[in-house]
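Analysis of the macromolecular model
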Amino acid sequence: MAENVPSASTPTVYEARGLKKEFDGGKVAALRGVDLDVREGEFVAITGPSGCGKSTLLQLLGSLALPSEGTLNFRGRSIPDMPDPAHYRSHDIGFVFQAFHLLPTFTVLENVQIPMFEGGLTKAQRKDRAVELLESVGLGHRLTHFPSELSGGERQRVAIARGLANGPSVVLADEPTGNLDSANAEQILELLLKLHRDRKVTLVLVTHDLGIAGLATRTIRMKDGRVVSETSSSTPSLANHP
Amino acid sequence: MTFFTIVTRGLMRRPVRTGLTLAGISIGIAAVVALVGMAWGYEKSIGKQLDVIGIDMIVSNMTGGIMPKTFDASVEDKIAQLPKIKETTSLLMQLISVEDAPMIMVSGRKWGGFTWHQLKVVEGRMIKDEHEPAVVLGRLAAEVLKKKVGDTVQLDSDELNVVGIVDGGSVVENGAIILSLAVMQKVTLNEGKVNFIDIRLQPGTDKDAVTETAAEIKKIFPEGRAVKASEVVGTSQGFRVARAMSWSTSILAITVGILGVMNTMLMTVFERTHEIGILLAVGWRRQRVMLMVLCESALLGLLGGILGVILGAAGLMIMETTPAIKGLLEPDLSPRLLIISVIIAVVVGLISGLYPAWRSSRLSPAVAIQS
Ligand SMILES: Nc1ncnc2c1ncn2[C@@H]1O[C@H](COP(=O)(O)OP(=O)(O)OP(=O)(O)O)[C@@H](O)[C@H]1O
Ligand SMILES: [Mg+2]
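None of these values were measured; they are calculated from a predicted model.

Reading the values: the criteria
Residues numbered from 1 in each chain as written. Chains lettered and ligands numbered in written order. Predicted model: local features only at pLDDT ≥ 70, side-chain atom pairs only at ≥ 80, totals over all residues. Heavy atoms only, no water. Phe/Tyr/Trp six-rings, centres within 6.5 Å; stacked < 30°, edge-to-face > 60°. Helix = DSSP H or I, 4+ residues; strand = E, 2+ residues; numbered from the N terminus. Buried < 20%, exposed > 50% of the residue type's maximum accessible area, 1.4 Å probe, protein only. Lys NZ or Arg CZ within 6 Å of the ring centre and 35° of its normal. Salt bridge = Lys/Arg side-chain N within 4 Å of Asp/Glu carboxyl O.

1. Here's the deal with the packing of aromatic side chains
How two aromatic rings sit relative to each other is given by the distance of their centres and the angle of their planes. The tally for this structure, following the rule as stated, stands at 8 aromatic pairs over all chains. Note on Tyr 14 of chain A and Phe 74 of chain A: the rings are 5.4 Å apart at their centroids and 50 degrees apart in plane angle, and the pair reads as tilted. Residue Tyr 14 of chain A is found in strand S1 (residues 12–23), and its partner Phe 74 of chain A is found in strand S4 (residues 69–74); the two are separated by 60 residues along the sequence. Each member of the pair, Tyr 14 of chain A together with Phe 74 of chain A, is buried. A centroid spacing of 4.9 Å and a plane angle of 70 degrees characterise the contact between Phe 74 of chain A and Tyr 88 of chain A, whose relative ring orientation is edge-to-face. Taken together, the residues Phe 74 of chain A in strand S4 and Tyr 88 of chain A in helix H2 (residues 85–92) connect sequence positions 14 residues apart. Assessed through its relative accessible area of 1%, Phe 74 of chain A is described here as buried. Three or more aromatic residues link up through ring pairs in this structure, and these residues are Tyr 14, Phe 74 and Tyr 88 of chain A. Sitting over the face of the ring of Phe 117 of chain A, Arg 126 of chain A holds its NZ or CZ atom 4.3 Å from the ring centroid. In this structure, Arg 288 of chain B is placed above the aromatic ring of Trp 284 of chain B, and the distance from its NZ or CZ to the ring centre is 6.0 Å.

2. Focus: the pattern of salt bridges
This model, assessed by the stated rule, comprises 25 salt bridges over all chains. For Lys 20 of chain A, the salt bridge identified is with Glu 69 of chain A, shortest N-O distance 3.7 Å. With Lys 20 of chain A in strand S1 and Glu 69 of chain A in strand S4, this pair connects stretches of sequence that are 49 residues apart. Assessed through its relative accessible area of 30%, Lys 20 of chain A is described here as partly exposed. Close ionic contact of Asp 92 of chain A with Arg 77 of chain A constitutes a salt bridge, the shortest N to O distance being 3.5 Å. In this pair, Asp 92 of chain A sits in helix H2 while Arg 77 of chain A sits in strand S5 (residues 77–78), placing the two residues 15 residues apart along the sequence. The structure contains a network of salt bridges with shared partners spanning Arg 13, Arg 14, Arg 17, Glu 271 and Glu 275 of chain B.

This is the structure:
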């Protein structure tokens, strides 16, 4: 289990210092100076009350928005200064949203292929890979369905498969189970944990659910745009989880 | 799934709007095809006529309305003296409304001139002599006027007998009412006047000699102008007006097309802000998003162009059979015109997509995905 419990000597994936994010020309301060380290292979849970800046932080990690101030590095490279942020988004990370964000006019199989257009695969390779990914999330039988024909849990599994399209080493998930009932939520969580465990994917997960947070290697609590506490799990989460 | 699938899926999202936009572009392109096809057809028809008759140069007073002003018939004799000139003949031509036909060419030709030679009688007979108060009709003119041999046509206040129907080997000739110059002068109260002198040059006359001859003609007849047959179309006032009108109307139609496609693409981009946010969030480069929008608008242009060319060609074919046009010109439906029109449509699509594409690629993924 030791390899699943990163220590201070494990290289960092993310390193944030004094990270700030303002909206509306400074009227809204969503992040007010966040320091954060995420190490290779960690499962970090981020919790905190609504509006404390969890989603904002995750968007900055995912290069979906730019910080107003502070430094933010991914494996030693500054995220805001990346010359090719699209490549980072498509290859280094997989982003999973609470609202799934699938493209409604594309089938399940097509949705999963969308990020692969940045990957230099042939048409056949894209399709094979998408089928494989969908089978791995248990949706091999729904390939030609449209998102509207799927349940919430199924949609989120498609979104996870899409996030894994180009084999990222990091998954950023913003309340991935927030729109799901408990049975579906359980399934999605299993899937993410399995990725973390089997593929050594670094997982940063925003959640309101303290039960889920308890499974993480580390839990970060935020409030009013700041990190207020950090707890390392004494009992390595994954050992407890089936 | 290929990139092209994504592009077509974008257009199919809103089939009604895509259809309306296509209708808009295709009507614009159809207008271009019809108008330019007429203008080019007009030019080609005239060129063919001059060719069939074997005219090398034409002298006329280029000022005036659609038809040049008349001048004294004696000018011809002076021009005929010039060294390089083999043969001349003169004409008095008018484009007038005759009975039910809105516009028809009436061509009074000097008796014995070479402009009579290529006319083949297909029905009835040729005019007997210079003074017979009779006309022959080109085949199309006979159709347009609904006249047979033995009928009469009303020219100004005179009634002239239709003695024959002729084939002149070109649309312009076949669309004309042909009579002797003397009768034409009398009927139109233009005694001693003509408005064209047609010239055949000595065989082997080179370009310089043609230019020289034109200069000498200018000395003899300062108000007039001698033009090589191949340049008639470019220099005539009427042609220039027709050309300018067809292109300016076309530009208007194209502008309307651009605005239509731009509007559609802007709406598409606004409406799809969320989806574009998703594309950016899952790692599409901005250039790829731009390319997608541009390809969509170019595809709209291409489809609209193809539809428009079909519509325009059909329109031209219908117009070709209407009395107003029949006999005056043979619309030009050359592949060149059709290809140019489709290219214009694609360019229209591309231009219209530029701004929407640029806009869409500037979105921040986080903001776009929340919309
Ligand atoms: N695009 C935006 N424009 C203006 N304010 C914003 C924007 N995005 C977020 N905010 C504000 O920033 C603050 C943090 O928002 P954020 O979405 O990060 O909170 P959160 O912790 O994810 O909340 P929740 O648990 O409800 O999802 C909130 O006050 C929110 O209103
Ligand atoms: Mg949130």
